[in-house]
Amino acid sequence: MPTIDPHGGVLQDLSVTGSAADALRDEARRLPTLVVSERELSDVELLAIGALSPLTGFQGEADYHSILETMHLADGPAWTIPVTLSVDDGAAHRLGGADAVALLRAEGEEPLAVLRITELFNRDRQKEAQAVFGTEDLAHPGVKALHDAGDRCVAGRLEVLALPPHDDFLNYRLMPAETRAEFDRRGWRTVVG
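Residues numbered from 1 in each chain as written. Predicted model: local features only at pLDDT ≥ 70, side-chain atom pairs only at ≥ 80, totals over all residues. Heavy atoms only, no water.

**Comments concerning unusual backbone geometry**
As a rule of thumb, non-glycine residues mostly have phi less than zero, and peptide bonds are mostly trans rather than cis. Filter applied, for reference: Secondary structure elements are taken from DSSP: a helix is a run of H or I of four residues or more, a strand is a run of E of two residues or more, and numbering for both begins at the N terminus.
Between S53 and the following residue, P54, the backbone shows a cis peptide bond with an omega angle of 15°. Positionally, P54 belongs in the loop between α2 (38–49) and β2 (57–58). Even without being glycine, M71 reaches a positive phi, approximately 60°. Its place among the elements puts M71 in the loop between α3 (61–70) and β3 (85–87).

**Description of helix α5 (residues 125–133)**
So the rule is basically this: Categorising residues by exposure relies on relative accessible area from a 1.4 Å probe, with only protein chains included: less than 20% of the type maximum marks a residue as buried, more than 50% marks it as exposed, and the intermediate range marks it as partly exposed. What the arc measures is the spread of directions leading from the helix axis to the C-beta atoms. By definition in these notes, contact holds between two residues if any of their heavy atoms fall within 4.5 Å.
Taken together, the buried positions of α5 are occupied by R125, E128, A129 and V132. What you see down the axis of α5 is that its buried residues fit within an arc of 100°, all on one side. Of the surrounding elements, those touching the buried residues of α5 are α3 and α6 (141–148). Following α5 by one or two positions, G134 adopts a phi angle in the positive range, close to 70°.

**A few points about the pairing of strand β4 (residues 100–104)**
Stated formally: DSSP calls a pair of strands paired once it identifies at least 2 bridges connecting them.
Most of β4 sits out of view: five of its five residues are buried. In β4, alternate side chains face the same way, and those of A100, A102 and L104 on one face and V101 and L103 on the other are all buried. As judged from the three bridges shared by strand β1 (residues 33–35) and β4, these two strands associate in the parallel manner. Note on β4: the bridge partner recorded for L34 is L103. In the sheet, β4 pairs with strand β5 (residues 113–122) via four bridges, with the strands oriented antiparallel. By the bridge assignment for β5, V101 is matched with L115.

**Focus: the side chain of R125**
The criterion, for reference: Polar contacts here mean pairs of N or O atoms no more than 3.5 Å apart (in protein, one a potential hydrogen donor and the other a potential acceptor; neighbouring residues in sequence count only if both atoms are side-chain atoms).
Relative to the elements of secondary structure, R125 occurs in helix α5. Within the local environment of R125, its side chain forms a polar contact with the backbone oxygen of L146, the two atoms lying 3.1 Å apart. Of note is the side chain of R125, whose polar atom sits 3.3 Å from the backbone oxygen of G150. With residues near it in sequence (within four places) discarded, R125 still touches L146, H147, A149, G150 and D151.

**Some details on the pattern of salt bridges**
Put simply, the rule reads: Salt bridge criterion: a side-chain nitrogen from Lys or Arg within 4 Å of a carboxyl oxygen from Asp or Glu.
All chains considered together, the criterion is met by 16 salt bridges. Linking E110 and R29 is a salt bridge whose minimum nitrogen-to-oxygen distance equals 3.1 Å. Of the two residues, E110 is situated in the loop between β4 and β5 and R29 in the loop between α1 (18–28) and β1; the sequence distance between them amounts to 81 residues. Each member of the salt-bridge network shares a partner with another, and the members are D26, R29 and E110.

**Overview of the packing of α5 against α6**
Between two packed helices, both the angle of their axes relative to each other and the distance between the axes serve to describe the pair. In plain terms, the rule: Note on definitions: angles span 0 to 180 degrees between N-to-C directions of axes, and those axes are lines fitted to C-alpha atoms, for helices only across the stretch in contact. We call two directions roughly parallel when the angle between them is under 35 degrees, roughly antiparallel when it is over 145, roughly perpendicular when it lies between 65 and 115, and oblique otherwise. Working rule for handedness: look at the near helix, and if it is turned counterclockwise from the far one by less than a right angle, call the crossing left-handed; if clockwise, right-handed. Only Asp, Glu, Lys and Arg are considered charged in this grouping, and only Ala, Val, Leu, Ile, Met, Phe, Trp, Tyr, Cys and Pro are considered nonpolar; every other residue, Gly among them, is considered polar.
Across the interface, α5 lies against α6 with an axial gap of 10 Å and an inter-helix angle of 155°. What the angle tells us is that α5 and α6 run roughly antiparallel. Seen from above, α5 lies across α6 with right-handed handedness. Counted together, R125, E128, A129 and F133 of α5 and G142, V143, L146 and H147 of α6 form the full contact between these two elements. Looking at the contact of α5 with α6, its residues break down into four nonpolar, two polar and two charged.

Pasting the structure below:
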């Protein structure tokens, strides 16, 4: 019996390779840039490898509010925490009419990904804190992180050029497709993740 379907039905892979990656790198060098936080860098990686399937990028306002109100994506699948890319007002202004932005780990580094911008929207911190953390108390680390994030969110589809480098737990860093293949190889039928 094959492994069950991925959440949402499709295991996403947002990596761009070969000549398409070369063209995307050239384009990314001409785009506005945005340095992402450590948390959002993790989200870029999880989105890229399909660990957040069926998502193909940072969520827009319809999904954001649907998750906070119903714990589901706007098109139905269960989802409990918004996956957003925060920007402050200055960055939102810089992105203004841009169709895409290059995402960086740090200023001066090569782009990790390009985000095809579909919208910018205002974050509702009070609603998000209550829905996700069940509190608005700034002593809660998640609520504090939410309040330290930008007031706006930028949404769109990701095209990923490179994953953040890692030097720990290398033997255990499997892509979702690799884990699914390993489950099949071992004959595992019950997996919790």
